[in-house]
Amino acid sequence: MKNKVQGLTYNQSNLNYRIRELEVSITSKCHLRCDNCGFYIPQQPNPAATENIVSEIVTGLKHLQKLNIKIGSLGVLGGEPTFNQKILITSLQDFSKFDNIERIEVVTHGLTPQNISKETYQFINKLTISIYFDSDELTELWKNYISKFAPHVELSLRTDKDWDKWLGDEIADDSKAQEMFDFCWYRKHCVTIERQRLFMCSRIAKLSQDNEGIILNEKTTIEQVVNYLNQNTFITSCKTCTPMMGLPTVKAGQQPDNRILNLLPKAIDFLKTELNE
Ligand SMILES: C[S@@+](CC[C@H](N)C(=O)[O-])C[C@H]1O[C@@H](n2cnc3c(N)ncnc32)[C@H](O)[C@@H]1O
Ligand code: SF4
Ligand code: SF4
């Protein structure tokens, strides 16, 4: 029988708790408008409760560090993490100082390489490009660019053709919601810090269901984190969770207009020029 998901794992040998993958959004802005965007663009709420998103996330990470919780991979996303070049580099500089974070992954649409300075790459272990563009030329340029200027970075090209259906009015009964929760892919891969809270999945954070997360501050105890991430019973949002219902998938990265085509030439020109210099 399949094992039920635990948001937090425990390593007996070094007595550490571990979150496999933790996600943070450094902006809610994006150049694209993908249909069924898993982060609810353009309706995504502000991931920060204050003016300073970076220091807010750093404070959350410090608490997890203090509680001796290891983070297998920190996913840096948005919206689009390259939307603001300065926030990208300052956040990565800060995140890379944590010794409880094993690796840092930036996930981007790959259409604004000019917004990632060469210095930025020193703070990244993995760059994932979600390929929504139809250009082998841009893909090849990215490969050459990373191997020339940031060879230590693992480049992952994500070419999903289908996505989970994110929007819809379907409602699961309690036993189905419990099953979705017990074997939830997102609880394994998308634990999230947002608005000074910890969320068991990015979906409830992006739905602004702050009451379904827990406050993450200096008073938060390890018991609270364990009881929350490893709880046994589904939460209210699971009942409406179309991405986990096993519904027919939707086409990935579909835009309402030609904004990808508009961004493409600049991205190609930038990478070409840098490679030829
Ligand atoms: C929400 S995006 C944010 C980062 C960046 N803007 C991007 O698109 O790569 C993070 C990842 O979620 C994936 N994603 C977005 N919507 C999805 C959906 N409905 N189902 C499954 N994955 C989805 C994207 O392909 C991307 O790799
Ligand atoms: S690129 Fe698409 S999937 Fe990524 S955040 Fe923007 S709208 Fe969502
Ligand atoms: S709301 Fe969906 S993604 Fe979040 S824990 Fe429930 S089933 Fe998983």
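Procedures and definitions
Residues numbered from 1 in each chain as written. Chains lettered and ligands numbered in written order. Predicted model: local features only at pLDDT ≥ 70, side-chain atom pairs only at ≥ 80, totals over all residues. Heavy atoms only, no water. Helix = DSSP H or I, 4+ residues; strand = E, 2+ residues; numbered from the N terminus. Rg over C-alpha atoms; globule rule 2.2 N^0.38 Å. Buried < 20%, exposed > 50% of the residue type's maximum accessible area, 1.4 Å probe, protein only. Contact = heavy atoms within 4.5 Å. Areas by Shrake-Rupley, 256 points an atom, 1.4 Å probe, with all protein chains shown as cover. Lys, Arg positive; Asp, Glu negative; His and termini not counted. Charge placed at Lys NZ, Arg CZ, Asp CG, Glu CD. Near = heavy atom within 4 Å. Nonpolar A, V, L, I, M, F, W, Y, C, P; charged D, E, K, R; others polar. Salt bridge = Lys/Arg side-chain N within 4 Å of Asp/Glu carboxyl O. Pairing = 2+ DSSP bridges. Right-handed = clockwise from strand over helix to strand, strands pointing away.

Participant: In this structure, what is going on with the overall build of the protein? I would like to understand it.
Facilitator: Per the secondary structure count, the protein includes eight helices and 11 strands. Relative to the globule expectation of 19 Å for 277 residues, the C-alpha radius of gyration of the protein, 19 Å, shows essentially globular dimensions. Counting all 277 residues of the protein, 53% fall into the buried class. Relative to all contacts within the protein whose residues are 6 or more apart in sequence, the contacts with residues 24 or more apart total 75%. By element, 48% of the accessible surface of the protein is carried by carbon and sulfur atoms, the whole surface being about 13500 Å². For the protein, the distance from the average position of its 32 positive side-chain charges to the average position of its 34 negative side-chain charges is 3 Å.

Participant: Explain the site of ligand 3 here, please?
Facilitator: Taken together, C184, Y186, R187, C201, R203, S237, C238, C241 and M244 make up all the residues around ligand 3. In terms of residue class, the shell around ligand 3 is made up of six nonpolar, one polar and two charged.

Participant: Hey, could you run me through the environment of V250 in this one?
Facilitator: Positionally, V250 belongs in strand β11 (residues 250–251). Not counting residues within four places of it along the chain, the set of residues in contact with V250 comprises N36, K161, D162, W163, D164 and K165.

Participant: Help me understand the pattern of salt bridges, please; the structure alone is not making it clear to me.
Facilitator: Working definition: two side chains of opposite charge can pair if their charged atoms are close together. Within the structure shown, the criterion is met by 14 salt bridges. With a closest N to O distance of 2.5 Å, E274 and K118 form a salt bridge. Residue E274 is located in helix α8 (residues 259–276), and its partner K118 is located in the loop between β4 (101–108) and β5 (126–130); the two are separated by 156 residues in the primary sequence. Here the salt bridges do not stand alone but share partners, grouping E194, R195, K206 and D210 into one network.

Participant: Would you mind going over the pairing of strand β3 (residues 69–77) with me for this structure?
Facilitator: Side-chain positions along a regular strand alternate between the two faces of the sheet. Summarising burial for β3: eight of the nine residues are buried, a large majority. Pairing geometry for strand β2 (residues 16–25) and β3, over eight bridges, is parallel. If you follow L22 over to β3, its bridge partner there is L74. In this region the chain leaves β2, passes through helix α1 (residues 53–66) and returns to the parallel neighbour β3; the handedness of that crossover is right-handed. With five bridges connecting them, β3 and β4 associate as parallel partners. Residue pairing across strands places I71 opposite I101, the latter belonging to β4.

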